Amino acid sequence: MFRHAILTISCLLAATAAQAETYPSRPITLVVPGPAGGTPDVVARMVADKLRARLGQPVIIENKAGANGFIGSAAVAKAPADGYTLLMGFAQTMAVNPVTFKKLPYDPVKDFTAVARLVDFELALATPASVPAASLGELVSWLRAGRGKYSYGSFGAASPSQFAGDMFNRKAQLDMQHVPYKGSAPLVTDLVGGQVQFGFVVLQVAQQLAQGGKLKILAVTGARRQPAAPEVPTMTEAGYPDVNATGWYGLYAPQGTPAAVVNKLDEAVGQVMKDPEVQRKLVEQGVNPAYAGHDALAGYTRSEIARWRDIVAQTGFSAQD
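Residues numbered from 1 in each chain as written. Predicted model: local features only at pLDDT ≥ 70, side-chain atom pairs only at ≥ 80, totals over all residues. Heavy atoms only, no water.

Draft legend 1. Representation of the overall build of the chain within the structure. A tally of helices and strands in the chain yields 11 helices and 11 strands. Taking 321 residues into account, the globule formula puts the C-alpha radius of gyration at 20 Å, and the chain, at 21 Å, falls close to it. Counting only C-alpha atoms and orienting by the principal axes, one finds that the chain spans roughly 80 × 40 × 30 Å. Out of the 321 residues belonging to the chain, those deemed buried represent 51%. Sequence separation of at least 24 residues holds for 78% of the intrachain contacts in the chain that already meet a minimum separation of 6. For the chain, the accessible surface area stands at approximately 14000 Å², while carbon and sulfur atoms represent 54% of it. Seen as two clouds, the 29 positive and the 25 negative side-chain charges of the chain have centres 3 Å apart. (Helix = DSSP H or I, 4+ residues; strand = E, 2+ residues; numbered from the N terminus. Rg over C-alpha atoms; globule rule 2.2 N^0.38 Å. Buried < 20%, exposed > 50% of the residue type's maximum accessible area, 1.4 Å probe, protein only. Contact = heavy atoms within 4.5 Å. Areas by Shrake-Rupley, 256 points an atom, 1.4 Å probe, with all protein chains shown as cover. Lys, Arg positive; Asp, Glu negative; His and termini not counted. Charge placed at Lys NZ, Arg CZ, Asp CG, Glu CD.)

In structure tokens, the structure reads:
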């Protein structure tokens with residue numbers, strides 16, 4: 001029986017090695033659980049384009065937006081575990097959703113195998129150009145003086161954007177009303193129009209409008225200044241270290257994907273992320289290259305779920321059905 005077990009294991013290892021040698025033999029689909037044109041989509045297409053040369057097969061982007069990323073994430077969780085369907089996971093889908101919804105159609109830890117982390121990024125606190133504040137301190141003073149009159153927006157209920165706003169609202173004792181939008185575009189539109197007095201948005205989006213004089217960027221979340229906007233102070237520098245709603249993107253495969261295939265994908269992604277051109281373009285998009293291998297991403301995903309559970313608890317947010 002022992003010899004039979006050894007033979008079985010040897011056959012499985014040989015089959016896995018053979019699969020890795022021939023993988024990929026056809027196009028790979030990379031599912032982005034968000035709309036075309038968004039930052040996750042742009043990053044996914046940039047990486048996919050470079051992976052074609054490394055893997056010898058096209059990597060086709062498929063956008064499956066909707067329901068806070070539920071639709072796209074669940075689709076990949078149920079896909080065959082053969083390395084031909086991958087997920088562009090991000091903080092919202094893999095760390096925030098598990099602690100803000102009572103029921104998910106997928107489990108970010110049990111249903112996926114981590115492949116590689118790609119980037120991380122901070123959000124920018126942006127205000128309409130008409131707001132009479134040139135610093136975060138001035139903004140707080142102005143908002144307190146008009147207590148009860150103002151509101152802040154986010155790019156979605158139970159999103160990192162909302163929790164950053166909630167934490168700032170609470171820590172600064174502003175007593176403002178939260179307005180959730182269905183995406184970044186409508187939030188930015190109302191920010192420019194002055195319908196809300198501040199919002200946390202992706203840095204690159206805010207920069208484009210700030211350069212045109214339509215928005216002001218007063219701070220970025222997190223503890224470090226961003227290479228794309230070194231002149232903008234951090235929330236930590238401004239006295240709000242708890243407002244640390246960082247985001248990130250990473251690649252995941254369905255649970256059960258052969259280790260040899262995951263290793264091959266990870267190696268190819270690592271080579272792409274070392275490309276100076278890719279790094280330059282990522283910074284231009286307002287995100288920071290932050291490659292980490294599959295083991296590191298698996299551990300990071302679990303730690304991020306725990307971190308966001310603490311953040312959400314601090315805001316008093318109740319999990320949704």
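Draft legend 2. Examining the packing of helix H6 (residues 160–171) against helix H11 (residues 294–315) more closely. For the pair H6 and H11, the least separation of the axes is 9 Å and the interaxial angle reads 50°. By the angle between their directions, the pair H6 and H11 is classed as oblique. For H6 against H11, the interelement crossing comes out left-handed. The segment H6 lies against H11, with Pro160, Phe163, Asp166, Met167, Arg170 and Lys171 engaging Trp308, Ile311, Val312, Gln314 and Thr315. The residue makeup of the contact of H6 with H11, split by class, is 6 nonpolar, 2 polar and 3 charged. (Axes fitted to C-alpha atoms, helices over the stretch in contact; angles between N-to-C directions. Parallel < 35°, antiparallel > 145°, perpendicular 65-115°, else oblique. Left-handed = near helix turned anticlockwise from the far one by under 90°. Nonpolar A, V, L, I, M, F, W, Y, C, P; charged D, E, K, R; others polar.)

Draft legend 3. Molecular detail of unusual backbone geometry. A cis amide bond, omega -5°, links Tyr23 with the succeeding residue Pro24. Secondary-structure assignment places Pro24 in the loop between helix H1 (2–22) and strand E1 (28–32).

Draft legend 4. Highlighting the environment of Val201. As for its position among the elements, Val201 is in strand E8 (residues 198–202). The exposure class of Val201 is buried, given its relative accessible area of 1%. Residues Val201 and Val287, 86 residues apart in the sequence, show an inter-C-alpha distance of 13 Å. Not counting residues within four places of it along the chain, the set of residues in contact with Val201 comprises Leu123, Ala124, Ala126, Phe155, Leu187, Val188, Leu191 and Ala206.

Draft legend 5. Inspection of the environment of Asp111 at higher detail. With respect to the helices, strands and loops of the structure, Asp111 is situated in the loop between helix H4 (91–100) and strand E4 (112–121). Asp111 sits in the partly exposed class, given a relative accessible area of 25%. Taking the C-alpha atoms as reference points, Asp111 and Lys78, 33 residues apart in sequence, are found 8.2 Å from one another. Residues within four places of Asp111 in sequence aside, it is in contact with Ala77, Tyr106, Ala253, Pro254 and Gln255.

Draft legend 6. Representation of the pattern of salt bridges in the model. Tallied over the full model, the rule gives 11 salt bridges. Its salt-bridge partner being Lys50, residue Asp275 comes within 3.8 Å of it at the nearest N-O pair. Of the two residues, Asp275 sits in the loop between helix H9 (259–273) and helix H10 (276–284) while Lys50 sits in helix H2 (residues 39–55), which places them 225 residues apart along the sequence. Residues Glu277 and Lys281 are paired through a salt bridge, measuring 3.1 Å at the closest nitrogen-oxygen approach. With Glu277 and Lys281 both in helix H10 and 4 residues apart, this pair spans about one turn of that helix. Assessed through its relative accessible area of 32%, Glu277 is described here as partly exposed. Residue Lys281 is classed as partly exposed on the basis of its relative accessible area, which comes to 31%. Each of Lys50, Asp275, Glu277 and Lys281 takes part in a single network of salt bridges with overlapping partners. (Salt bridge = Lys/Arg side-chain N within 4 Å of Asp/Glu carboxyl O.)

Draft legend 7. Structural view of the sheet that holds strand E11 (residues 288–292). Read across the open sheet, the 6 strands follow the order E2-E1-E3-E10-E4-E11; overall the sheet is mixed. Both outer strands of the open sheet, strand E2 (59–63) and E11, are each paired with one neighbouring strand and no more. Mean inter-strand twist for the sheet, computed between neighbouring axes without regard to direction, equals 25°. Of the pairings in the sheet, the one linking E4 to strand E10 (residues 247–254) comprises 8 bridges and is antiparallel in character. (Pairing = 2+ DSSP bridges.)

Draft legend 8. Here's a closer look at the packing of aromatic side chains. What the rule picks out here adds up to 15 aromatic pairs. Among the aromatic residues, those joined into a ring-pair cluster are Phe70, Phe101, Tyr106, Phe112 and Tyr252. Against the face of Tyr84 rests Arg26, its NZ or CZ located 3.8 Å from the ring centre. The ring of Tyr300 has Arg117 lying over it, and the distance from NZ or CZ to the ring centre is 4.3 Å. (Phe/Tyr/Trp six-rings, centres within 6.5 Å; stacked < 30°, edge-to-face > 60°. Lys NZ or Arg CZ within 6 Å of the ring centre and 35° of its normal.)

Draft legend 9. Geometry of the pairing of E1. Burial of E1 is extensive: 4 of the 5 residues sit out of reach of the surface. Note that the unit made of E1, H2 and E2 has a crossover that is right-handed. (Right-handed = clockwise from strand over helix to strand, strands pointing away.)

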